[in-house]
Amino acid sequence: MRAIITAFALWAFMLTPAAAQEADLAKAQAFVTALADDAIEILSTETTRAGREEKFGQLLNERANMRRIARFTLGQFGRKISKDDLATFEQLLGKFIVKVYANRLGEYSDEKVMVGKAQAKKKNVIVGSRIAFTNGRDPIDIDWWLRVEKDASLTLFDVRVLGVWMAQEQRDAFASVLKNNKGDINALLDHLRKQINTEAG
Amino acid sequence: MFQKSLLIIVAAISLSACAGNGTKSLNNDPFERSNRFMFRVNVQLDNYILKPVAKGYLYVPSPVRRSVRNFLDNLASPVTLVNDILQLEGKRASTTALRLGINTTVGIFGLFDPAKRLGLEKHDEDFGQTMATWGVPEGPYLFTPIYGPSSPREFSGWIVGWGFDPMTYQDDWGLEEAIGRYAIDGIGFRADNISVLDEIERSSVDFYATVRSLYQQNRASEIANGVTNIDDLPDIDALDDLDDF
């Protein structure tokens, strides 16, 4: 009897990591489904630009880890700036993302995101998805890069559209601005303020 | 002509080998200053020539534009097929061969895309991608007016692509026809992406750097056939160690 129990315990132990990972992947897929549904809901119900931006801002703060995204987009310059400048940058980046992407995503209000397979490694999870258009346009593949937080919750880190990671695109542009201004963070902050005002106009 | 093309390819690959030899700069762009100048020239050419023409092209009925796009895509299929084979991508090669056969016949010389309705999705391959899979280094980022963002590997791959293209060997297919085909392809692409490119330009803190990033990332994705590999993600664990910053 003891042998049977031991064998069963061993079998259960061997199965646990795989089963746990499967559960994590399912959780990640559910996270993306909910996020995409909420984003489309905002795009289809919020008719004013201000309303869309406000709701998108809330969604971003709830589901994404803005501090991590801010540090990533600053690249190596992130280690050289003051705590206050980092906080200002993080705040401006949030506004910038909301203004830019609320606009860029405007055309997707009638579509449905179909969530595909997920893959995980350490704290990273990538969930694939596809937007199929009703107007005959070619479908677009979107990957969602999620991170597992210390409390085991998931947050959004980056989104890849047509082979392009958005945070990486911003990091490249920010690095260029910083490089061409001798690493002066104020130049980047000014650029962001200018872009936010342009988008508001 | 062949010798001249060969010379360009050899020079380009040599240049790419030099650039890969310890001189890699931020974003692989050691010629950023001249590239930025060329980019500005291109923006002006785009504003005054390409964009107005592309806007005019949008008045052509959508089904006609789609057929022109299908026809050009079908014309490019043999080049894709050769590169599928060179990359030992059997499944993709058979998809391209079937698409070429079906669209050239049932699709009336490629004007329509019935193969897509049969689940045979289009994909593109070129010799630049083939060289990438063979391990040929990319070389520095290059921007040239009209041709746009590129690298020595991609540019030389584009030239070699002519050699794979059956149209090159047609008696009545000369330089003018080749330029016409390239121009229609470019105008069609520009017309299809007018609002997207305007939006990217408007919302970029540095339009040049954004285009470079879009190109480099998209190209890497094409080389990987669009497959996302979690092992290729940048390591961001260190960002979590900065919590007490």
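Here the structure is shown first, and the text comes after it.
No experiment lies behind these values; they were computed from the predicted model shown.

The rules behind these values
- Residues numbered from 1 in each chain as written.
- Chains lettered and ligands numbered in written order.
- Predicted model: local features only at pLDDT ≥ 70, side-chain atom pairs only at ≥ 80, totals over all residues.
- Helix = DSSP H or I, 4+ residues; strand = E, 2+ residues; numbered from the N terminus.
- Buried ≥ 20, exposed ≤ 12 C-beta atoms within 10 Å, placed from the backbone.
- Contact = placed C-beta atoms within 7 Å.
- Core = buried A, V, L, I, M, F, W, Y, C linked by C-beta atoms within 7 Å.
- Nonpolar A, V, L, I, M, F, W, Y, C, P; charged D, E, K, R; others polar.

**Overview of the overall build of chain B**
- Helix and strand counts for chain B stand at eleven helices and two strands.
- Ordered by position from N to C terminus, the α and β elements of chain B give α-α-α-α-α-α-β-β-α-α-α-α-α.
- Looking at the 245 residues of chain B, the share that counts as buried comes to 27%.
- Here the analysis covers contacts within chain B between residues at least 6 apart in sequence; of these, 70% occur between residues at least 24 apart.

**Brief notes about the nonpolar core**
- By size, the foremost hydrophobic cluster in this structure holds 52 residues, and its most contacted members are Ala28, Val32, Val127, Trp144, Leu146 and Phe174 of chain A.
- Listed in part, the five residues of the second largest apolar core include Ala76, Leu81, Val82 and Leu100 of chain B.

**A look at the interface of chain B and chain A**
- Taken together, the 26 residues of chain B in the interface contact 34 residues of chain A.
- Those elements giving two or more residues to the side of chain B that touches chain A turn out to be helix H9 (194–202) and helix H10 (207–223) of chain B.
- The element that contributes the greatest number of residues to the side of chain B that touches chain A is H10 of chain B, accounting for nine residues.
- Residues that form the side of chain B that touches chain A fall into these classes: ten nonpolar, ten polar and six charged.

**Side note on unusual backbone geometry**
All names here are of chain B.
- Of note in the backbone geometry, Leu88 takes a positive phi value of approximately 60° without being a glycine.
- Mapped onto the fold, Leu88 is located in the loop between helix H3 (62–86) and helix H4 (90–105).
- The exposed category is assigned to Leu88, around which 9 C-beta atoms lie within 10 Å.
- In the Ramachandran plot, Asn225 falls in the positive-phi region, its phi being about 55° despite a non-glycine side chain.

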